[in-house]
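Observations on the model geometry
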Amino acid sequence: MVTLSTIFIIKSDTINLEKYTIKDLPGSSGRLDVIARCVLAALIRDDSFIEDTQIWTFLGNYGAFIFDTNKLDYQTFPKNELKLAKAMVELIQRNSPDSLRNVPIKIATIIDIINELMQKKYTIYILEERGKDFLRELQFIPSIKRAFVIGNQSGDFVSSEEICRFNLSNLSFGPKSYLASSIIRLIQIYLERKK
Ligand SMILES: C[S@@+](CC[C@H](N)C(=O)[O-])C[C@H]1O[C@@H](n2cnc3c(N)ncnc32)[C@H](O)[C@@H]1O
């Protein structure tokens, strides 16, 4: 794994494509729309990719999909939720479209990756409604090798025993619950300003 400036990590065990139809993306995919929005929020600013950024999407039995702006082509990358979700369905069904051919699929658990990142001295944060104030902690967030774990629509995983065992720093944007993609967008905006 090359040294990256920023890694986002999201896990969703609700993804299920058995009855998938693009006509009802949220209802027929187990909320793949949430994941697609998170990928777009992590990788894209205005009209370009954010450099040196990865988002790992752990989608249950389908595996882990790694979107890396150092490997993807901005020109061909699907830039809206529906187009990306459609392309991701093909990717998940192992029939990757050209636009996502550089998205490796990894059969690994999120716990494996967190352990790997800790060994590589990444600073890992959990985003949760209860936690230290993000804006106050921003000055201490390193400029490279930082990773952010975000919950899916239910957010169960980020407060699970599995994750709590790591005793990682929890960061919060206040008690109100926002969409995962909005939280990722906020993080990217503040990290960009911090540069
Ligand atoms: C839609 S929220 C999850 C559901 C929410 N926990 C609930 O009980 O309704 C998606 C994820 O975004 C992040 N998130 C949402 N609001 C946040 C906040 N105010 N501060 C930090 N992270 C937040 C968390 O990682 C959360 O798991």
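For every chain, the first residue of its written sequence is number 1, and the numbers climb from 1 along that sequence. The predicted nature of this model means local features are confined to residues of pLDDT at least 70 and side-chain atom pairs, given and counted, to a pLDDT of 80 or more, with totals for whole chains, interfaces and linings taken over all residues. With hydrogens and water excluded, all non-hydrogen atoms of the structure serve as input to the side-chain values.

This part covers the overall build of the protein chain. The helix count covers DSSP runs of H or I at least four residues long, the strand count covers runs of E at least two residues long, and both are numbered beginning at the N terminus. Per the secondary structure count, the protein chain includes seven helices and nine strands. Expected size for 195 residues packed as a compact globule is a radius of gyration near 16 Å; at 16 Å, the protein chain falls within 12% of this value. Only protein chains enter the accessibility calculation, which uses a 1.4 Å probe. A residue is then buried if its area is under 20% of the maximum for its type, exposed if over 50%, and partly exposed in between. Counting only residues that meet the buried cut, the protein chain has 49% of its 195 residues in that class. For the protein chain, the proportion of contacts with a sequence separation of at least 24, taken over those separated by at least 6, is 70%. The Shrake-Rupley method, run with a 1.4 Å probe sphere, supplies the accessible areas, and residue values consider only the shown protein chains as cover. As presented, the protein chain carries roughly 9,700 Å² of accessible surface, and 50% of it is formed by carbon and sulfur atoms. Here the globule rule reads 2.2 Å times residues to the power 0.38, and the radius of gyration is calculated from C-alpha atoms. Contacts are assigned to residue pairs with any non-hydrogen atoms lying within 4.5 Å of each other.

To find the voids left in a structure, one rolls a probe of water-molecule size over its atoms. A volume near 400 Å³ is recorded for the largest pocket. Together, 25 residues line the largest pocket, and Glu129, Asn152, Ser177, Tyr178 and Ala180 are the ones closest to its centre. Here the nonpolar group is Ala, Val, Leu, Ile, Met, Phe, Trp, Tyr, Cys and Pro; Asp, Glu, Lys and Arg are the charged ones; every other residue, Gly included, is treated as polar. When its residues are assigned to classes, the lining of the largest pocket shows ten nonpolar, ten polar and five charged. Space inside and on the surface of the protein is sampled on a 1 Å grid over the protein atoms alone, with a cavity defined as a set of points where a 1.4 Å probe fits but cannot get out and a pocket as an open set with protein on both sides within 12 Å along at least 5 of 7 lines; lining residues have an atom within 4 Å of a point. Grid points are joined across faces, edges and corners, and a volume is the space filled by probe spheres set on the points.

To form a nonpolar core, buried Ala, Val, Leu, Ile, Met, Phe, Trp, Tyr and Cys residues must be joined to one another through side-chain atoms within 4.5 Å. Among the nonpolar cores identified, the biggest contains 47 residues, and Leu32, Leu43, Ile55, Phe67, Phe77, Phe148 and Ile187 are the most heavily contacted of them. Looking at this core, the elements with two or more residues in it are strand 1 (6–11), helix 2 (32–43), strand 5 (64–68), helix 3 (81–92), strand 7 (123–133), strand 8 (146–150) and helix 7 (180–194). Here the element with the most residues in this core is helix 2; it accounts for ten residues. Phe67 has contacts with Val39, Leu43, Thr53, Gln54, Ile55, Thr57, Leu72, Phe77, Met88, Leu91, Leu100 and Val103, leaving out every residue within four places of it along the chain. Counting residues in each nonpolar core, the second largest holds 22 residues, with Ile114, Ala147, Phe157 and Val158 among its members.

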